[in-house]
Protein chains: 2
Amino acid sequence: MRGAQGDLLRLVATGHAESRAELARLSGLAASSVSLRVEELIGTGLLVEEGSGTSRGGRRPRRLRVSPTAGLLAVADLGAHHARLGLLDLSGTPLVVEERPCDIALGPEETLDWMAASFDELLLAHGPPGVPLRGVGTGIPGPVDPASGRVVSPSRMPGWNNFPVAEHLGARYDLPVLVENDANLMAVGEARAWPGCDNLMVLKAGSGIGCGVIVDGRLHRGRGAAGDISHVRVRTDSSVVCSCGHSDCLEAYASGAALMSALTEQGIAVGRPADVVAAVNDGVPEATALVRSAGRLIGEVLTVLVNFLNPDAIVIGGSLSTAEPLISSIRAAVYERCLPLATRDLEIAVTRAGPDATLLGAGSLLLDAVLG
Amino acid sequence: MRGAQGDLLRLVATGHAESRAELARLSGLAASSVSLRVEELIGTGLLVEEGSGTSRGGRRPRRLRVSPTAGLLAVADLGAHHARLGLLDLSGTPLVVEERPCDIALGPEETLDWMAASFDELLLAHGPPGVPLRGVGTGIPGPVDPASGRVVSPSRMPGWNNFPVAEHLGARYDLPVLVENDANLMAVGEARAWPGCDNLMVLKAGSGIGCGVIVDGRLHRGRGAAGDISHVRVRTDSSVVCSCGHSDCLEAYASGAALMSALTEQGIAVGRPADVVAAVNDGVPEATALVRSAGRLIGEVLTVLVNFLNPDAIVIGGSLSTAEPLISSIRAAVYERCLPLATRDLEIAVTRAGPDATLLGAGSLLLDAVLG
DNA sequence: CCGTCTTCCTTCGAAATCGAAGATAAACCG
DNA sequence: CGGTTTATCTTCGATTTCGAAGGAAGACGG
């Protein structure tokens, strides 16, 4: 699937184009060439024509879709104690998504074997017969070197340091394999839900604080470590030493883990970040106050980045994103302190892609590899 | 000059390619197509063949250059009290650069007329006869809306707010016109001097503190205001209100203007940022101490941005960049506090492009418009 | 000095792409 | 309802681009 055909298929798969005319506009190819290639793609069974779209004033376009029988992608979002696993078709649409408990502290081999076994189960139970698996991807809650597919100095993944995840998966699957930081995948997944927004900051507020950056419509990796905001020094009265060795990191005050231990110290039992949200929603004043101050600290850090990057939107996801006070205090801090020029058109909102954003992002990046 | 021919010419003009073979590698076109197009470009007088390059193990390439008679670009770097003006050929090489005193506080019309008159003088004195002017560009020490070419809420340019600079220049010159923030142009100019570095932060330390950002090899504008770091809140003991209305902005402590007024208060006479550098180099302890603490504050702000953007290099230019203590204290702060993953391959260095970086950047962006 | 290698560049038939013109289909509007 | 407008899609000859093969020019090594 190379060259022009791959480009066209990708445009349809990613939802950017739905008709031959749109393909012509977006690909830069002549309409006649597009028709030719599309016929071929329909001939090979990768594209299907499906009804007609909505008119833009003239003849209605004949809607194109990636064939549901063209292939499947198996994707995962590994978390500390839970993983989300799913099967997508080649348009990135989920067929099935499941959340299962797991424990990455068991180490990479065991965890990845478990993941593969889970994929097999999903394929057996939900994979339409005869539809081939075309790619495998997973999000990792730690830094990943994009070139080698290795985990690099993760803070909360014992036994994973420098483990060649992509290589390990590649040995089992003779398919394109994607390994990427979970916040980065989440950002890619969100980006598809924010058409017209080419510059996004996507915050993952869960046990840790992650951030993925979309610049010019594409994931920004820098040298592999871009998007870290959790070890920024924040201004506080107290002083706490973070796991990274420095003092007063954002993570030590505003991450789900930090909130949980603070609440526990105050005698309020919480076992996972969602419990913090529940406490806030139940009107537990200590929880609300803590979440508020976490939002303020996060917002103050974002202030610097908003002035610098001048994004179209800040999207907040992760398990803490359902805590309303978090969002509003982030908003307050950003709007108060940023330059008017930077916040004039800035939207600060919760995830549009929902809890599957990471899986959708994995699908999106995998498509590039599969259709490349 | 559209399509494939423009692409080829641009590759030669920007110095990326020097031979047909290199053009083929970089453009993705077949070698045969390149030859065809290059012959045409030579035929129209835009390219010339000039001797041969160095062998890479086989036959020596026939070196290609943009013809010196293909055209000229007139570029300017407007500052508060001085402007640099220059003529470039279409490969972006300066024919002549001059620095002249000016005063932007006289307002846009008068300043732009003065600029145009200066261009005319330069063309008369240094422009080879018969070589046409092909584009005009200028850097502005304030925010510029890239789409409209207007100045937007500048802090130190009385009378310029919302003035349509591009339109005004376009009325005088029937040519491509470029109007862009000076730090952004400087970043583009530096980028050409840092091959292999696709992600750069370029700091302009002069009267103000500007920053241009190169992401993936291209200037990042965001919604037009990207790159601002001067109004970030810094941690200090004292408290100062900035011109933007907030307190403790970086600019209020670490800009050349702030250093000048602090030195003046201590009875040391300085009239421009270069005087501060001179005082440092003369071993005036107050000056050195001030510059050190400015560097530390700047470095602390950069810390956040380095973790987030994970650039290949931070380049420091502007008139304060020759103060060695500034550079070293920025380095110290960044290396001390950033994540090891982010600083592992990070270079922090002074400008390679020198004082003409802004002019070179203007030339580079203008080329895109001229050859587009 | 002479053969071999590498790289650069051109030649020429094959293939892909373009673009103008026309056919098709639906919205819009008196 | 029928003409007008708008947009989508196809047809087909002209143009561009490709790519394999070969010639040109120098490096390298005996």
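The rules behind these values
Residues numbered from 1 in each chain as written. Chains lettered and ligands numbered in written order. Predicted model: local features only at pLDDT ≥ 70, side-chain atom pairs only at ≥ 80, totals over all residues. Heavy atoms only, no water. Axes fitted to C-alpha atoms, helices over the stretch in contact; angles between N-to-C directions. Helix = DSSP H or I, 4+ residues; strand = E, 2+ residues; numbered from the N terminus. Parallel < 35°, antiparallel > 145°, perpendicular 65-115°, else oblique. Left-handed = near helix turned anticlockwise from the far one by under 90°. Contact = heavy atoms within 4.5 Å. Nonpolar A, V, L, I, M, F, W, Y, C, P; charged D, E, K, R; others polar. Near = heavy atom within 4 Å. Polar contact = N/O pair within 3.5 Å; in protein donor to acceptor, adjacent residues only side chain to side chain. Domains from an automatic or database assignment. Buried area = accessible area lost by both parts, 1.4 Å probe. Salt bridge = Lys/Arg side-chain N within 4 Å of Asp/Glu carboxyl O. Core = buried A, V, L, I, M, F, W, Y, C linked by side-chain atoms within 4.5 Å. Buried < 20%, exposed > 50% of the residue type's maximum accessible area, 1.4 Å probe, protein only.

Chemist: What exactly am I supposed to notice about the packing of helix α8 (residues 256-265) of chain A against helix α10 (residues 285-309) of chain A here?
Modeler: Each pair of packed helices can be described by the angle between their axes along with the distance between the axes. Residue and element names in this part refer to chain A. Their axes nearest at 10 Å, the elements α8 and α10 cross at an angle of 150°. Our classification of the angle between α8 and α10 gives roughly antiparallel. Classified by chirality, the crossing of α10 by α8 is right-handed. Residues Leu259, Ala262 and Leu263 of α8 touch α10, and the partners they reach there are Glu286, Ala287, Leu290, Val291 and Ala294. The class makeup of the residues in the contact of α8 with α10 is 7 nonpolar, no polar and 1 charged.

Chemist: For this particular structure, what's the right way to read the packing of helix α4 (residues 108-126) of chain B against helix α5 (residues 165-172) of chain B?
Modeler: All names here are of chain B. Put simply, α4 and α5 touch, their axes get as near as 11 Å, and they point 40° apart. Taken as axis vectors, α4 and α5 run oblique relative to one another. Taken as a pair, α4 and α5 cross one another with a handedness that is right-handed. Along its contact with α4, which presents Glu109, Leu112, Asp113, Met115 and Ala116, the element α5 presents Val165, His168, Leu169 and Arg172. Class assignment of the residues belonging to the contact of α4 with α5 gives a composition of 5 nonpolar, 1 polar and 3 charged.

Chemist: Where do I start with the protein's contact with DNA strand C in this structure?
Modeler: Around DNA strand C, the structure places 25 residues, and the nearest of them are A:Ala30, A:Ser32, A:Arg59, B:Ser35 and B:Arg62. Atoms of DNA strand C within 4 Å of the protein belong to the sugar or the phosphate in 71% of instances, the rest to bases. Separating a phosphate oxygen of DNA strand C from a side-chain N or O atom of B:Arg56 is a distance of 3.4 Å. In the model, a base oxygen of DNA strand C is placed 3.1 Å from a nitrogen or oxygen of the B:Arg59 main chain. Put simply, the parts of the chain that give the surface near DNA strand C at least two residues each are α3 (31-43) of chain A together with α2 (20-27) and α3 (31-43) of chain B. Ranked by residues supplied to the surface near DNA strand C, first place goes to α3(B) with 4 residues. The residue makeup of the surface near DNA strand C, split by class, is 6 nonpolar, 10 polar and 9 charged.

Chemist: Whenever I open this one, the domain arrangement of chain A confuses me. Can you help?
Modeler: Accessible area lost upon the coming together of the parts is a frequently used measure of interface size. Residues and elements named next belong to chain A. As assigned here, chain A comprises domain 1 (3-66), domain 2 (72-187 + 357-371) and domain 3 (195-351). Distance from the C-alpha centre of domain 1 to the C-alpha centre of domain 2: 29 Å. Listed by partner, the interface residues are 8 residues for domain 1 and 7 residues for domain 2. Among the residues domain 1 hides against domain 2, the three largest losses belong to Arg10, Ala13 and Val66. Together they make up 59% of the total. Taking the shortest distance from any N to any O, the salt bridge between Arg10 and Asp368 comes out at 3.2 Å. Among the elements of the structure, α1 (3-13) and β2 (62-66) are those that each provide at least two residues to the side of domain 1 that touches domain 2. The biggest single contributor to the side of domain 1 that touches domain 2 is α1, with 4 residues. Considered class by class, the residues forming the side of domain 1 that touches domain 2 number 4 nonpolar, 2 polar and 2 charged.

Chemist: Is there a simple way to explain the nonpolar core in this structure?
Modeler: Within soluble globular proteins, side chains that are nonpolar tend to cluster in buried spots. Ranked by internal contacts, the top residues of the largest apolar core, which has 97 residues, are A:Ile229, A:Leu302, B:Ile229 and B:Leu302. When neighbours within four sequence positions are excluded, A:Leu302 is seen to be in contact with A:Met201, A:Leu203, A:Ile229, A:Ile314, A:Ile330 and A:Val334.

Chemist: Is there a simple way to explain unusual backbone geometry in this structure?
Modeler: Trans is the common state for peptide bonds, and a negative phi is the common state for residues other than glycine. Residue and element names in this part refer to chain B. With phi around 35°, Ser153 is a residue other than glycine that occupies positive phi space. Following the sequence through the fold, Ser153 ends up in the loop between β8 (150-151) and α5. The exposure class of Ser153 is partly exposed, given its relative accessible area of 45%.

Chemist: Can you help me understand the environment of A:Arg272 in this one?
Modeler: All names here are of chain A. Residue position: Arg272 is located in the loop between α8 and α9 (273-281). Judged by relative accessible area, which is 39%, Arg272 ranks as partly exposed. Expressed as a C-alpha distance, the spacing of Arg272 and Ala257, which sit 15 residues apart in the sequence, is 8.0 Å. What Arg272 contacts, discounting residues up to four positions off in sequence, is His82, Glu99 and Met260. Here the side chain of Arg272 touches His82 through a polar contact of 3.4 Å, side chain to side chain.

Chemist: Explain the interface of chain A and chain B to me, please; I cannot follow it from the model alone.
Modeler: Between chain A and chain B, the contact holds 43 residues from the first and 43 residues from the second. When chain A packs against chain B, close to 3900 Å² is buried across both sides, 57% of that on carbon and sulfur atoms. On the chain A side of the contact with chain B, A:Arg223, A:Phe308 and A:Arg337 bury the most area, a combined 24% of that side's loss. Along the contact surface separating chain A from chain B lie 6 salt bridges. With a shortest N-O distance of 2.3 Å, B:Arg218 and A:Asp216 are connected by a salt bridge. Those elements that provide at least two residues to the side of chain A that touches chain B are β11 (209-215), α10 and α11 (324-337) of chain A. By residue number, the principal contributor to the side of chain A that touches chain B is α10(A), which donates 5 residues. A class-by-class count of the residues in the side of chain A that touches chain B yields 20 nonpolar, 11 polar and 12 charged.

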